[in-house]
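Residues per chain, in single letters:
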Amino acid sequence: MKRVVITGAGTINALGHNVPETFEAMREGHCGIGPLEMRDVERLAVQIGAQVSDFASDKIFNRQQLALYDRFTQFALIAAREALAQSGLEFSGALSAKSGVVLGNSGGGMQTLDENYRTVYEDGKNRVHPFVVPKLMNNAAASHISMEFNLKGPSFTVASACASSNHAMAQAFQMVRSGMAPVMITGGTESMLCFGGVKAWEGLRVMSKDACRPFSATRNGMVQGEGAGVFVFEEMDHAKARGADILAEVIGFAMTSDAADIVMPSRHGASRAIAGALEDAGVNRDEVGYINAHGTGTAANDKTECSAVADVFGPHADRLMMSSTKSMHGHLIGGTGAVELLACIMALRDGVVAPTIGYEEADPECALDVVPNEAREASIEVALSNAFAFGGLNAVLALRRI
Amino acid sequence: MSVKDRVIAIVAEQAVLEPSDVTMESTLEDLGIDSLGLVESIFAIEEEFDISIPFNANEPENSEFDISSVATIIAGIEKLVDSAAA
């Protein structure tokens, strides 16, 4: 089996338009959540979210590109450009033929759907723009990355709700580890902050109207975010041979299914995924210093996740740190695991553990060190990133410091 | 503006050209308009004139709407606009 390293990272999310801005915001415990700005916001019961602001897409993309790129594709391309630039890779010949893109995404082109449903249902028009389908299809972002960077190997999109990015990155990891691809571009993207997207989530009654406070006794729900995270997963020898700067090593993953309930999380499904990732990575429990939690800020997720971690780690659960950066960048749904992997890279590489902000009061059912409110310096050897999706689909990744 | 000038303006915008660069003899291929550009142009023309153009991208040669040159496109649209007004 090949070893797999990360040689490039890129993002755009509510905390920043690139990785350095996002790291800075995570170190400072900034909150990217604020009042939503969108048409008909006054008709929403939930009026907050972690939107990407100061985003001038017409300065980044030309008119023809904008006609074809839904916002989730725009986010993915911006993040991919940053990641590929950092990696220094260019794709031609055999490298191009074997390398591909696996992205996580849940909703597809929700902005495009929303706008065009308005056109036909609300405005009563009988004609829509011809690019509606190529804009809204879930694989549009992966396809445009493949085109922009000449990636001709395996490319597709993975949809498993809130675990989409972790499932996608696990798939890319497997492809590089098995020797199938020397390089895979991976991560996730989502842009669900449109009227229909927020309205749908409102219906579930799991959204907070004021803040995302994971693990705090005062938590009252999740807050949606948007954005993308994209990484370059590269075979280690390939990366070393060209003198690449290595950000971290991906050492293992596991995926499990609760096979129980369409929305309620399962302690057992989560703990099997965490334990499975450790086993796949071949690491001892006490090597894990940091877990980026799924930590949605809902009553059910956070206590279930804490009990799963306690189950797996035993006494070491009290010594490791586990934070939820969703408190800052919101829940990016299908893109969330990708942005959260950045917190793992920051912990491993910079020795800074991102905090869980908005933490107000201890909850005995979440009695772990959740790094409340302030980032902490620590030497972290191994980090995990949890994702537990609706539908009971779980995916956990394990990373090691290089 | 005449139907002709309005169509040329739409085609020119799609081709990222000046209207003066679009001649009646030009084909869409000459102008660098690909298949997606074609359906986008047809959409823009339908919106401009509030007409419905009978065009099927699967068999353009058998469509009632002749897209072989700018002149045939304009002629087809003039006919559709006239019948819509009638």
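Everything numeric in this text was worked out from a predicted model, so none of it was measured.

Colleague: Would you mind going over the overall build of chain A with me for this structure?
Modeller: Within chain A, the secondary structure is distributed over 15 helices and 14 strands. Relative to its length of 402 residues, chain A is compact, with a C-alpha radius of gyration of 20 Å against a globular reference of 21 Å. Based on the C-alpha atoms only, the size of chain A along its principal axes is roughly 65 × 55 × 40 Å. Contacts in chain A between residues at least 24 apart in sequence constitute 81% of all its contacts with a sequence separation of at least 6.

Colleague: Just checking my understanding: could you explain the interface of chain B and chain A for this structure?
Modeller: It is common to give the size of an interface as the accessible area lost on bringing the parts into contact. On the side of chain A, 5 residues touch chain B, which itself brings 4 residues to the contact. Of the residues assigned to the side of chain B that touches chain A, the class counts are 2 nonpolar, no polar and 2 charged.

Colleague: Help me understand unusual backbone geometry, please; the structure alone is not making it clear to me.
Modeller: With the exception of glycine, most residues fall at negative phi, and the peptide bonds are largely trans. Residue and element names in this part refer to chain A. Even without a glycine there, the phi angle at D40 is positive, about 65°. Mapped onto the elements of the fold, D40 is located in the loop between strand 2 (34-35) and strand 3 (48-49). At A161, a residue that is not glycine, the phi angle is positive and equals roughly 50°.

Colleague: Can you help me understand the sheet that holds strand 1 (residues 4-13) of chain A in this one?
Modeller: By way of backbone hydrogen bonds, the strands of a sheet pair with one another, either parallel or antiparallel. Residues and elements named next belong to chain A. Taken in spatial order, the 10 strands of this open sheet run 5-4-6-7-1-8-14-13-9-10, and their pairing is mixed. Strand pairing shows two members of the sheet lacking a second neighbour, strand 5 (156-158) and strand 10 (321-323), which therefore form its edges. On average, each strand axis in the sheet is inclined to that of its neighbour by 25°, with strand direction left out of account. Sheet analysis places strand 4 (residues 100-104) next to strand 5, joined by 3 bridges and oriented parallel. Within strand 5, the position partnered with G104 by the bridge is V158. Across the sheet, helix 8 (residues 140-149) lies against strand 4, strand 5 and strand 6 (183-190), angled at about 155° from strand 4, the strand it touches most. Against the sheet, helix 9 (residues 164-177) touches strand 1, strand 4, strand 5, strand 6, strand 7 (227-235), strand 8 (248-257), strand 13 (382-389) and strand 14 (393-400), its axis set at about 175° to strand 6.

Colleague: Would you mind showing me how to read helix 15 (residues 336-350) of chain A here?
Modeller: Three- or four-residue spacings in an α-helix give side chains the same orientation, since the helix completes a turn every 3.6 residues. With 15 residues, helix 15 of chain A extends 21 Å from end C-alpha to end C-alpha; this agrees with the ideal 21 Å at 1.5 Å per step. In the segment just after helix 15 of chain A, G351 of chain A is the residue with positive phi, at about 70°.

Colleague: What is the right way to look at helix 4 (residues 71-87) of chain A in this model?
Modeller: Residues and elements named next belong to chain A. The terminal C-alpha atoms of helix 4 lie 24 Å apart, and with 17 residues this matches the ideal 24 Å at 1.5 Å per residue to within 8%. Counting buried positions over the 17 residues of helix 4 gives 15, a clear majority of the element. Within two residues after helix 4, G88 carries a phi angle of roughly 75°, on the positive side.

Colleague: For this particular structure, what's the right way to read the nonpolar core?
Modeller: A general tendency of soluble globular proteins is for nonpolar side chains to be buried together. Ranked by internal contacts, the top residues of the largest apolar core, which has 132 residues, are A76, F233, A277 and L397 of chain A. The dominant element in this core, judged by the number of residues it contributes, is helix 15 of chain A, at 10 residues. If you count residues domain by domain, this core takes at least three from each of domain 1 (4-241) and domain 2 (250-400) of chain A. With 15 residues, the next largest nonpolar core counts V7, I33, V70 and I74 of chain B among its residues.

Colleague: Would you take a moment to explain the domain arrangement of chain A for this structure?
Modeller: Residues and elements named next belong to chain A. Taken domain by domain, chain A holds domain 1 (4-241) and domain 2 (250-400). With 64 residues of domain 1 at the interface, the matching set in domain 2 holds 57 residues. Secondary-structure elements contributing two or more residues to the side of domain 1 that touches domain 2 are strand 1, helix 1 (19-28), helix 9, strand 6 and strand 7. It is helix 9 that provides the largest number of residues to the side of domain 1 that touches domain 2, a total of 7 residues. Broken down by class, the residue content of the side of domain 1 that touches domain 2 amounts to 32 nonpolar, 27 polar and 5 charged.

Colleague: Sorry, what's going on with the pairing of strand 4 of chain A here?
Modeller: Two faces belong to every sheet, and in a regular strand the side chains alternate between them. Residues and elements named next belong to chain A. Of all 5 residues making up strand 4, 5 are buried, and the element is well covered by its neighbours. Burial along strand 4 is two-sided: the face carrying G100, V102 and G104 and the face carrying V101 and L103 are both buried. Judged from the 5 bridges that link them, strand 4 and strand 6 form a sheet pairing that is parallel. Pairing of L103 across the sheet is with G187, part of strand 6.

Colleague: I would appreciate a short explanation of the environment of R242 of chain A in the present structure.
Modeller: Here R242 of chain A is to be found in the loop between helix 11 (236-241) and strand 8. Separated by 30 residues in the primary sequence, R242 of chain A and R272 of chain A have C-alpha atoms spaced 38 Å apart.

Colleague: How should the environment of N301 of chain A be read in this particular structure?
Modeller: All names here are of chain A. By the element assignment, N301 lies in helix 13 (residues 299-313). Counting along the chain gives 96 residues from N301 to L397, while the straight-line C-alpha distance between them is 18 Å. Not counting chain neighbours up to four residues away, the residues in contact with N301 comprise P265, H294, T296 and F388.

Colleague: Hey, could you run me through the packing of helix 1 (residues 3-15) of chain B against helix 3 (residues 70-85) of chain B in this one?
Modeller: When two helices pack together, you describe them by how their axes are tilted relative to each other and by the distance separating the axes. Residue and element names in this part refer to chain B. Helix 3 packs onto helix 1 with a crossing angle of 125° between their chain directions and a minimal axis gap of 10 Å. Classed by the angle they form, the pair helix 1 and helix 3 counts as oblique. Note on packing geometry: the crossing formed by helix 1 with helix 3 is right-handed. Contacts between helix 1 and helix 3 involve V3, K4, V7, I8 and V11 from the former and V70, I73, I74, I77, E78 and V81 from the latter. For the contact of helix 1 with helix 3, the per-class residue count stands at 9 nonpolar, no polar and 2 charged.

Basis of the calculations
Residues numbered from 1 in each chain as written. Chains lettered and ligands numbered in written order. Predicted model: local features only at pLDDT ≥ 70, side-chain atom pairs only at ≥ 80, totals over all residues. Helix = DSSP H or I, 4+ residues; strand = E, 2+ residues; numbered from the N terminus. Rg over C-alpha atoms; globule rule 2.2 N^0.38 Å. Contact = placed C-beta atoms within 7 Å. Nonpolar A, V, L, I, M, F, W, Y, C, P; charged D, E, K, R; others polar. Pairing = 2+ DSSP bridges. Axes fitted to C-alpha atoms, helices over the stretch in contact; angles between N-to-C directions. Expected span 1.5 Å × (residues − 1). Buried ≥ 20, exposed ≤ 12 C-beta atoms within 10 Å, placed from the backbone. Core = buried A, V, L, I, M, F, W, Y, C linked by C-beta atoms within 7 Å. Domains from an automatic or database assignment. Parallel < 35°, antiparallel > 145°, perpendicular 65-115°, else oblique. Left-handed = near helix turned anticlockwise from the far one by under 90°.

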